[in-house]
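Coordinate analysis (summary)
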Amino acid sequence: MLCLEKLIISGGRRLAGEVGVSGAKNAAVAIIPAALLVDGVCRIENLPHIDDVSVIIEILSELGAEITYINPTTIEVNARGMASYTAVHERVRAMRASYYLLGALLGRFKKARVRMPGGCYFGDRPIDQHVKGFKAMGALVDLENGVVDARAERLCGANIYLDMVSVGATINIMIAAACAEGVTTIENAAKEPHVVDLANFLNVMGANIKGAGTDTIKIIGVKKLRGGTYSIIPDQIEAGTLMIAAAATGGDVLIKNVIPKHMESLSAKLIEIGAKVSDLGDAIRVVMDAPPKCANVKTLPYPGFPTDLQPLIVAFLTAAKGTSVVTESVWESRFQYVGELRRMGVDIQVEGRAAVIKGGKGLSGAEVKSTDLRAGAGLIVAALMATGTTRISGLRHIDRGYEEIEKKLCALGADIKRVRGVG
Ligand code: EPU
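Here's a quick rundown of the structure. Given the structure is predicted, the values throughout are model-derived calculations rather than measurements. (Residues numbered from 1 in each chain as written. Predicted model: local features only at pLDDT ≥ 70, side-chain atom pairs only at ≥ 80, totals over all residues. Heavy atoms only, no water.)

Observations regarding the site of the ligand
- Around the ligand, the surrounding shell holds 23 residues, and the nearest of these are Q129, S166, V167, D308 and V330.
- With respect to the ligand, the side chain of N26 contributes an N or O atom lying 3.2 Å from an oxygen atom.
- In this structure, G168 approaches the ligand through a main-chain N or O atom, which is 2.8 Å from an oxygen atom.
- The fraction of the free accessible surface of the ligand (830 Å²) that becomes covered by protein chains is 91%.
- According to the grid-proximity analysis, the pocket containing the ligand is the largest pocket.
- A class-by-class count of the residues in the shell around the ligand yields 10 nonpolar, 6 polar and 7 charged. (Near = heavy atom within 4 Å. Polar contact = N/O pair within 3.5 Å; in protein donor to acceptor, adjacent residues only side chain to side chain. Areas by Shrake-Rupley, 256 points an atom, 1.4 Å probe, with all protein chains shown as cover. 1 Å grid on protein atoms, 1.4 Å probe; cavity = no way out; pocket = protein on both sides within 12 Å on 5 of 7 lines; lining within 4 Å. Sits in = over half its atoms within 2 Å of the grid points. Nonpolar A, V, L, I, M, F, W, Y, C, P; charged D, E, K, R; others polar.)

Remarks on unusual backbone geometry
- Cis geometry marks the peptide bond from Y302 to P303; its omega dihedral reads 10°.
- Within the secondary structure, P303 sits in the loop between strand 18 (296–298) and helix 9 (310–317).
- Positioned with a positive phi, N145 is a non-glycine residue whose angle comes to about 50°.
- For N145, the location among the structural elements is in the loop between strand 8 (140–144) and strand 9 (147–151).
- Residue N145 is classed as exposed on the basis of its relative accessible area, which comes to 72%.
- A positive phi angle, near 60°, is found at N188, a position not held by glycine.
- Relative to the elements of secondary structure, N188 occurs in the loop between strand 11 (183–187) and helix 6 (193–204). (Helix = DSSP H or I, 4+ residues; strand = E, 2+ residues; numbered from the N terminus. Buried < 20%, exposed > 50% of the residue type's maximum accessible area, 1.4 Å probe, protein only.)

Considerations on the layout of surface pockets
- There is about 1,100 Å³ of room inside the largest pocket.
- The wall of the largest pocket is formed by 48 residues, among which R125, V167, G168, V330 and W331 lie closest to the centre.
- Elements supplying a minimum of two residues to the lining of the largest pocket: helix 1 (25–34), helix 4 (128–136), helix 5 (167–177), helix 6, helix 7 (236–248) and helix 11 (373–385).
- Its residues assigned to classes, the lining of the largest pocket comprises 24 nonpolar, 10 polar and 14 charged.
- Each pocket or cavity is described by its volume, and for the second largest pocket that value is around 240 Å³. (Points joined across faces, edges and corners; volume = space filled by probe spheres on them.)

As for empty space enclosed by the protein
- A full pass over the atoms with the stated rule returns 2 cavities of 30 Å³ or more.
- Taken as a whole, the largest cavity spans an internal volume of roughly 40 Å³.
- As for the largest cavity, its lining consists of S22, G23, P48, I50, D235, E238, G401, Y402 and E403.
- A breakdown of the residues in the lining of the largest cavity according to their chemical character gives 3 nonpolar, 3 polar and 3 charged.
- Within this model, the second largest cavity holds a volume of roughly 30 Å³.
- Taken together, P234, D235, Q236, A239, V258, I259, H262 and M263 form the lining of the second largest cavity.
- Split by residue class, the lining of the second largest cavity holds 5 nonpolar, 2 polar and 1 charged.

A short note on helix 9
- Taken across its 8 residues, helix 9 has 8 buried, putting it largely inside the fold.
- Every buried residue of helix 9 is listed here: Q310, P311, L312, I313, V314, A315, F316 and L317.

Details of the environment of N26
- Checked against the element boundaries, N26 lands in helix 1.
- Here the alpha-carbon distance between N26 and A245, two residues 219 residues apart in the chain, equals 21 Å.
- For N26, the residues in contact, after removing those within four places along its chain, are H194 and D308.
- A distance of 2.8 Å separates a polar atom in the side chain of N26 from a polar atom in the side chain of K25. (Contact = heavy atoms within 4.5 Å.)

Digging into the environment of F305
- Mapping F305 onto the fold places it in the loop between strand 18 and helix 9.
- Of the residues examined, F305 reaches a relative accessible area of 5% and is grouped as buried.
- In the structure, F305 is positioned 110 residues away from V195 in sequence and 16 Å away in space, judged by C-alpha atoms.
- Once you skip the residues sitting within four places of it in the chain, F305 turns out to touch S265, L266, K269, V297, K298, T299, L300, Q310 and I313.

Put into structure tokens, the structure is as follows:
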């Protein structure tokens, strides 16, 4: 018997008020393993309180790093005494970002044994570009029984041209190269805010990385990284989630602790759909006081529209009269949740990489299941817009990446309860 938690959402309530954004998940899950390279105490602030962060901290601790909680959002990592380079237990599979242990352990010990990562399923999620980078730097990399084994006599700088823009490969290569011999250049690098945040973290710890946030990143290897303090950026995707939820409920919400520059592609799309979006420096206000207009959206690497907001914008566009087309160009398969939205009465057809939404008919509450993290967030947006009650299961996905999502939404006027049931 499984004990299941569900969110019970009574829809139709307009969100209004102020809400703060937590630290960025995808920066935190890269920065924490990167702390293994630091020869000293490294203080990391503004961590989000989410399951993915707890899991990566547990893994580091099992590897022998000393972790001290200074407060719920700040830890100190001291990895000086650590000796293990092997992370092969089941927990490593609980999240995608455990692949950053490969770059961190390889950089630190010149050898790493790490179980293949898990995380949200959007079809095949290869790591060939990570491996290509490690090999170019002189490592031998083998995959056996689901465990990646990487080792190098010497880890040396190299020129690496990524075949596609990959956040994970860009970050992993930066981590491995920070203390390698010589200069590593990553061409066709990802430019996401968390790529820049990881580079800033490493630089604060003594690395010499230039060009993060552009197509070409140059990492000049240093002998060692020293301790220091670093505060993680606000979460772009949580901010986007709150912005879409505000607009989708015809709300008026001030979202604080945001970097508006990171939100430009979403802000532009929300304005096209009919919202008023104001940039207030370190906050964004979203007001929606007109019926939403249909729009076409295409996901792209940063600074394009983020794939991680795709299920949420699809949910919102179901309210717009007419036909909207949302094209997914980052992941080969990220529309598994569409069947759940259909249970709520919406007309969506998926054709290849495009979802065609015939919107404006309204959504009605239903029993639905979150198939992955952002699909879960999309269902929450749909439930907030729907008439009646929606029950969402599969919360383990949502809890991996959102800090107290229902608490934040309830403070804005949503009606959401978390209940435990038996399944
Ligand atoms: N790809 C390859 N080979 C590789 C690496 C990537 O073919 O070696 C392909 C992927 O299959 C995909 C594309 O390249 O089609 C982009 O993948 P990327 O490597 O950028 O994704 P990721 O690093 O595995 C991160 C985020 C995801 C987010 C993507 C895209 C983390 C931990 N995860 O994944 O976030 O969707 O970038 O922006 O940073 C989420 O937070 O819910 C989430 C899934």
